[in-house]
Amino acid sequence: MLTLEGQNVLVTGGSRGIGRHTALLMARLGAKVAVAYGRDEAAARETLAQMGGAGVVLGADLARAGEAERLVARAEEALGPLDVLVANHGIWKRAAIETMSPEQWDEMLDTNVGAVRALASEAARRMIARGRGAIVLVASTAGQRGEPFHSHYAASKGAVIALTKSLGAELGPRGVRVKNVEPGLVATELGDDMSDAAGREVLDRMRREIPSLAPGDIADAIAFAVAAPPRVNVAELIVVPTAQG
């Protein structure tokens, strides 16, 4: 039986989709949860209400320098020492490589990689001092298979996968487990911007090739990565299947 009784958890991107389901599941397993959001405070507070109020809501613009470190500090001020970090936030925007601007590339990498690195760094610094902790970085199968018209997104998630493998070996011997969950196609609001004809074509192709999963399926994988007894102190990739059979 998995349990997080008495543990303190920070979930970024916690206002909706995978983040919301993860926060709800962590609370059901006994944790106090800091629900971090970027823009939609009302949705984050709805997550907290569904959790029964067992936690706190924290706003943060994680694309801004220093904001990730401040978020970890605020979470510990509100809950106490963090036991678990789930870095789930991210953006997914269409951009053809021939028209992609440096600003589009930087926005994607700053949010999806830079902020994840900063969160992991600050959480690890505190967890190492205590000799325990768990960090889960949510990537995507796009980081392995690539994704047309979303090369900057795929590159960002490939970087997160490599970061996880490196940190798992680096931090495991010091008591901090680092895991990675790579969802395939998930029914969330992340793809809402792809409402034009070209976007719908990409989504239709992905739906034909990749089984669509619910956010709760990914939350289950994240909870298992956090709460299951570790067998080895290195990164263990948990990949949601991306093909039938």
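Residues numbered from 1 in each chain as written. Predicted model: local features only at pLDDT ≥ 70, side-chain atom pairs only at ≥ 80, totals over all residues. Heavy atoms only, no water.

## What about the packing of aromatic side chains?
- Within the structure shown, the criterion is met by 1 aromatic pair.
- Judged by centre distance (6.2 Å) and plane angle (65°), the ring pair of tryptophan 92 and tyrosine 153 falls under edge-to-face. Here the residue tryptophan 92 occupies a position in the loop between β4 (84-87) and α4 (102-130), and tyrosine 153 occupies one in helix α6 (residues 151-171), the gap between them amounting to 61 residues. As far as burial versus exposure is concerned, tryptophan 92 and tyrosine 153 are alike and both buried.
- Its guanidinium or amino end placed over the ring of phenylalanine 149, arginine 94 lies 4.1 Å from that ring's centre, counting from NZ or CZ. (Phe/Tyr/Trp six-rings, centres within 6.5 Å; stacked < 30°, edge-to-face > 60°. Helix = DSSP H or I, 4+ residues; strand = E, 2+ residues; numbered from the N terminus. Buried < 20%, exposed > 50% of the residue type's maximum accessible area, 1.4 Å probe, protein only. Lys NZ or Arg CZ within 6 Å of the ring centre and 35° of its normal.)

## Quick look at α6
- Compared with the 30 Å implied by 1.5 Å per residue over 21 residues, the 30 Å span of α6 between its first and last C-alpha is a close match.
- Turning to α6, its buried residues number three or more, namely His152, Tyr153, Ala154, Ser156, Lys157, Val160, Ile161, Leu163, Thr164, Leu167, Gly168 and Leu171. (Expected span 1.5 Å × (residues − 1).)

## Description of the pairing of strand β2 (residues 32-37)
- β2 sits mainly inside the fold: 5 of its 6 residues count as buried.
- In terms of strand pairing, strand β1 (residues 8-11) meets β2 through 4 bridges, oriented parallel. Among the inter-strand pairings, valine 9 is bridged to a residue of β2, identified as valine 33.
- A crossover connection joins β1 to the parallel β2 through helix α1 (residues 17-28); in handedness this β-α-β unit is right-handed.
- Where β2 lies against strand β3 (residues 55-59), 5 bridges are found, and the strand directions are parallel. Bridge pairing in β3 links valine 35 to valine 57.
- In this region the chain leaves β2, passes through helix α2 (residues 41-50) and returns to the parallel neighbour β3; the handedness of that crossover is right-handed. (Pairing = 2+ DSSP bridges. Right-handed = clockwise from strand over helix to strand, strands pointing away.)

## Quick word on the pairing of β4
- With burial as the criterion, each face of β4 is covered, one bearing Val84 and Val86 and the other bearing Leu85 and Ala87.
- As paired elements, β1 and β4 share 3 bridges and run parallel to each other. Opposite leucine 10, over in β4, you have leucine 85 as the bridge partner.
- Strand direction decides the pairing type here: β4 and strand β5 (residues 133-138), joined by 4 bridges, are parallel.

## Some words on the pattern of salt bridges
- Scanning the model with the defined rule gives 10 salt bridges in all.
- Glutamate 76 is paired through a salt bridge with arginine 126; the nearest N and O atoms lie 2.9 Å apart. Separated by 50 residues along the polypeptide, glutamate 76 in helix α3 (residues 67-79) and arginine 126 in helix α4 bring together distant segments of the chain. The burial state of glutamate 76 is the same as that of arginine 126; both residues are buried.
- Three or more residues joined by partner-sharing salt bridges are found here, namely Glu76, Glu122, Arg125, Arg126 and Arg130. (Salt bridge = Lys/Arg side-chain N within 4 Å of Asp/Glu carboxyl O.)

## Description of the side chain of lysine 157
- Relative to the helices and strands, lysine 157 resides in helix α6.
- The buried charged residue lysine 157 lacks any salt bridge partner; its closest oppositely charged side chain belongs to glutamate 182, at an N-O distance of 11 Å. (Lys, Arg positive; Asp, Glu negative; His and termini not counted.)

## Observations regarding the environment of threonine 22
- By secondary structure assignment, the location of threonine 22 is in helix α1.
- Note: C-alpha distance between threonine 22 and valine 33 (11 residues apart in sequence) is 9.7 Å.

## Let's talk about the side chain of arginine 20
- Turning to its location among the elements, arginine 20 is positioned in helix α1.
- An unpaired buried charge is present at arginine 20: no salt bridge exists, and glutamate 46, the closest side chain of opposite charge, is 5.5 Å distant.
- For arginine 20, the side chain forms a polar contact with the main-chain oxygen of alanine 43, separated by 2.8 Å.
- Leave out the neighbours within four places in its chain, and arginine 20 touches Gly13, Gly14, Ser15, Ala43, Glu46, Thr47 and Gln50. (Polar contact = N/O pair within 3.5 Å; in protein donor to acceptor, adjacent residues only side chain to side chain. Contact = heavy atoms within 4.5 Å.)

## Let's talk about the packing of α3 against α4
- Running from N to C, α3 and α4 cross one another at 40°; their axes reach a closest spacing of 8 Å. Comparing their axes, α4 and α3 come out oblique. Our pair here, α3 against α4, has a crossing hand that is right-handed. On the side of α3, the interface is formed by Ala68, Glu69, Leu71, Val72, Ala73 and Glu76, while α4 contributes Ala115, Ala118, Leu119, Glu122, Ala123, Arg126 and Arg130.
- Across the contact of α3 with α4, the residue classes tally to 8 nonpolar, no polar and 5 charged. (Axes fitted to C-alpha atoms, helices over the stretch in contact; angles between N-to-C directions. Parallel < 35°, antiparallel > 145°, perpendicular 65-115°, else oblique. Left-handed = near helix turned anticlockwise from the far one by under 90°. Nonpolar A, V, L, I, M, F, W, Y, C, P; charged D, E, K, R; others polar.)

## Regarding the environment of isoleucine 128
- Of note, isoleucine 128 is situated in helix α4.
- Considered as a pair, isoleucine 128 and leucine 171 are 43 residues apart in the sequence and their alpha carbons are 7.8 Å apart.
- In contact with isoleucine 128, other than residues within four places in its own chain, are Leu171, Arg174 and Val176.

Everything listed here is a matter of geometry and, on its own, says nothing about what the molecule does.
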